[in-house]
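# Summary of structural features
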Amino acid sequence: MKTSLVTKILMLPLVASLAACIPSPEDLETTPVKVQTPKGEVTCQLYRQDRVTWDRAINFPAAKMSVPEADAFCRQEGQRRLK
């Protein structure tokens, strides 16, 4: 049991340092962009070029579209910028 506890204690700094290397979405954010859609202007938070699935709407005309619809416009904008 002593060996198991010592091993766990020694592994803790390794696990903590590896976890610190994983970026959060906030670390990958770009400057927000505005996209004109048929239902109004959507402000999108885009991320790195290879993280299009994280792209999301941060402001949109709520009376005219839903959150998933606004997010879809942002993902489309991210895809457009990939090309």
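Residues numbered from 1 in each chain as written. Predicted model: local features only at pLDDT ≥ 70, side-chain atom pairs only at ≥ 80, totals over all residues. Heavy atoms only, no water.

## Quick look at the state of the cysteines
Inspection of every chain in the model, using the stated rule, returns one disulfide. Residue pairing for C44: its cysteine sulfur links by disulfide to C74, the two sulfurs lying 2.1 Å apart. Negative torsions about the S-S bond denote left-handed disulfides, and the value of about -80° found for C44 with C74 makes this one left-handed. With a gap of 30 residues between them, C44 in strand β2 (residues 40-45) and C74 in helix α2 (residues 67-82) connect regions that are remote in the sequence. (Disulfide = S-S within 2.5 Å. Helix = DSSP H or I, 4+ residues; strand = E, 2+ residues; numbered from the N terminus.)

## A short note on the packing of aromatic side chains
Overall, the coordinates contain one aromatic pair when judged by the stated rule. Ring geometry for Y47 and W54: centres 5.8 Å apart, planes at 90°, overall edge-to-face. Since its relative accessible area comes to 8%, Y47 is described here as buried. (Phe/Tyr/Trp six-rings, centres within 6.5 Å; stacked < 30°, edge-to-face > 60°. Buried < 20%, exposed > 50% of the residue type's maximum accessible area, 1.4 Å probe, protein only.)

## Some words on the pairing of strand β1 (residues 33-37)
Within a regular strand, the side chains alternate between the two sheet faces. Judged by which residues are buried, β1 turns out to be one-sided: V33, V35 and T37 face inward and are buried, whereas K34 and Q36, on the alternate face, are not. As paired strands, β1 and β2 are joined by five bridges and run antiparallel to one another. Note that in β2 the partner of V35 across the bridge is V42. Connecting β1 to the antiparallel partner β2 that follows it, the hairpin turn spans two residues. (Pairing = 2+ DSSP bridges.)

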